[in-house]
Amino acid sequence: MTIFITFEGPEGSGKTTIISMLSEALEDTNDVMVTREPGGIPISEKVRDILLANENDMDGRTEALLFAAARRQHLVEKVVPALNDGKIVLCDRFIDSSLAYQGYARNLGMDEIMQVNKFAIENHMPDLTIYLKLSPEIGLSRIQDNERDSNRLDKETLEFHKDVVLGYNKLSENYPDRIKVVDADQNIEDVFKDTYSIIEKYMNHRGDKS
């Protein structure tokens, strides 16, 4: 079954862990590919290094355009071929990250960022998006507790991270059919169960329609 599933949320929301758990659970009966943004392929990983390096202070529009460029190459080189091969693609971040971070939190405008990204992705929107909802205070404290190296976006102000969550909340309200909200302020097993239940329901629905 071919499905393009993306995972969104603020810093520290647990996307990487949940995706790993889901991949293991789904691989028994499906062909699954896990990837991430920005990154996933050599060119996009180099752009990721530029975007996240602490020493790189850049203009918001430059940031938005670099994310879109990395997204385009990743999509055509890795995601679309995987979907054409009938795989389930689990992608850590996609277009909604740009809408929340650059469109809303950077105040560049969600409509404007959507137009840039529509050009980048053409018609390749996710079939399903899991939004791991979490307060920025908890997310940032998790990063510190896990001793993860903080990147340029991690080090933005708390107000910026609050705006990111507000942006995601707005997106989940605007696209309820695609974006499904999971409470990420639970233990990881419950987050996984809730997420797996959403995906299972979606897959069953797709199966009924085919």
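The structure this text deals with has already been given above.
The notes below deal with the structure included here. (Residues numbered from 1 in each chain as written. Predicted model: local features only at pLDDT ≥ 70, side-chain atom pairs only at ≥ 80, totals over all residues. Heavy atoms only, no water.)

Scanning the chain from terminus to terminus reveals eight helices and five strands. Moving toward the C terminus, one meets the helices and strands of the chain in the order β-α-β-α-α-β-α-α-β-α-α-β-α. Expected size for 210 residues packed as a compact globule is a radius of gyration near 17 Å; at 16 Å, the chain falls within 12% of this value. If one aligns the C-alpha atoms of the chain with their principal axes, the spans along those axes are about 50 × 35 × 30 Å. Residue burial in the chain is summarised as follows: out of 210 residues, 49% are buried. Sequence separation of at least 24 residues holds for 80% of the intrachain contacts in the chain that already meet a minimum separation of 6. (Helix = DSSP H or I, 4+ residues; strand = E, 2+ residues; numbered from the N terminus. Rg over C-alpha atoms; globule rule 2.2 N^0.38 Å. Buried < 20%, exposed > 50% of the residue type's maximum accessible area, 1.4 Å probe, protein only. Contact = heavy atoms within 4.5 Å.)

To find the voids left in a structure, one rolls a probe of water-molecule size over its atoms. Of the volumes computed, that of the largest pocket is approximately 770 Å³. In terms of lining residues, the largest pocket is bounded by 36 residues, among which Gly12, Lys15, Thr16, Asp92 and Arg148 are the most central. Within the residue set of the lining of the largest pocket, elements represented by two or more residues are α1 (15–26), β2 (32–36), α2 (42–52), α3 (60–84), α4 (95–105), α6 (136–145) and α8 (188–209). With five residues, the top contributor of residues to the lining of the largest pocket is α1. Considering only residue class, the lining of the largest pocket consists of 13 nonpolar, 13 polar and 10 charged. (1 Å grid on protein atoms, 1.4 Å probe; cavity = no way out; pocket = protein on both sides within 12 Å on 5 of 7 lines; lining within 4 Å. Points joined across faces, edges and corners; volume = space filled by probe spheres on them. Nonpolar A, V, L, I, M, F, W, Y, C, P; charged D, E, K, R; others polar.)

Time to look at the sheet that holds strand β5 (residues 179–183). Taken together, five strands build an open sheet; the order of strands is β2-β3-β1-β4-β5 and the sheet is parallel. Edge positions in the sheet fall to β2 and β5, since each of these pairs with one other strand and no more. Adjacent strand axes in the sheet meet at a mean angle of 20 degrees, parallel and antiparallel pairs treated alike. Summarising the sheet, strand β1 (residues 3–8) and strand β3 (residues 88–92) pair through five bridges and their orientation is parallel. Opposite Phe4, over in β3, you have Val89 as the bridge partner. (Pairing = 2+ DSSP bridges. Axes fitted to C-alpha atoms, helices over the stretch in contact; angles between N-to-C directions.)

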